[in-house]
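Reading the structure
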Amino acid sequence: QVFAGEQARALGAVQKLQSAVGDYRVVGPPVRFDLEAFPYPSPAPALGEHTFQVLAELGYDRADVERLLAEGVAIAS
């Protein structure tokens, strides 16, 4: 119902986002200052999209991550 609401439409608060699993709509925050644009989040990541980045931050090197992928412990896309 919120996406069909007159106020949400008038404010331009409804945004369509695209992700790997399909499109979806979100509504921006109810309050804006100085007519700044609504900050919309990025779509949810695909399964395994950030595997290398996250494991690198945890101290794993590329060889370790490749081993985890080969053993089926981790997934990367």
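**A word on the overall build of the protein chain**
Each helix and strand counted, the protein chain has three helices and two strands in total. Secondary structure of the protein chain in N-to-C order comes out as α-β-β-α-α. Residue burial in the protein chain is summarised as follows: out of 77 residues, 17% are buried. Pairs at least 24 apart in sequence give 35% of the contacts found in the protein chain among residues at least 6 apart. Carbon and sulfur atoms make up 55% of the accessible area of the protein chain, which totals about 6,100 Å².

**What to know about the pattern of salt bridges**
Under the defined criterion, the tally for this structure stands at three salt bridges. Across the salt bridge formed by aspartate 23 and lysine 16, the nearest N and O atoms sit 3.7 Å from each other. Aspartate 23 sits in the partly exposed class, given a relative accessible area of 46%. Residue classification places lysine 16 among the exposed residues on the basis of a relative accessible area of 56%. Arginine 67 is the partner of glutamate 71 in a salt bridge, and the nearest nitrogen-oxygen pair spans 3.6 Å. Overall, glutamate 71 belongs to the exposed group, its relative accessible area being 51%.

What counts, and where the lines are drawn
- Residues numbered from 1 in each chain as written.
- Predicted model: local features only at pLDDT ≥ 70, side-chain atom pairs only at ≥ 80, totals over all residues.
- Heavy atoms only, no water.
- Helix = DSSP H or I, 4+ residues; strand = E, 2+ residues; numbered from the N terminus.
- Buried < 20%, exposed > 50% of the residue type's maximum accessible area, 1.4 Å probe, protein only.
- Contact = heavy atoms within 4.5 Å.
- Areas by Shrake-Rupley, 256 points an atom, 1.4 Å probe, with all protein chains shown as cover.
- Salt bridge = Lys/Arg side-chain N within 4 Å of Asp/Glu carboxyl O.

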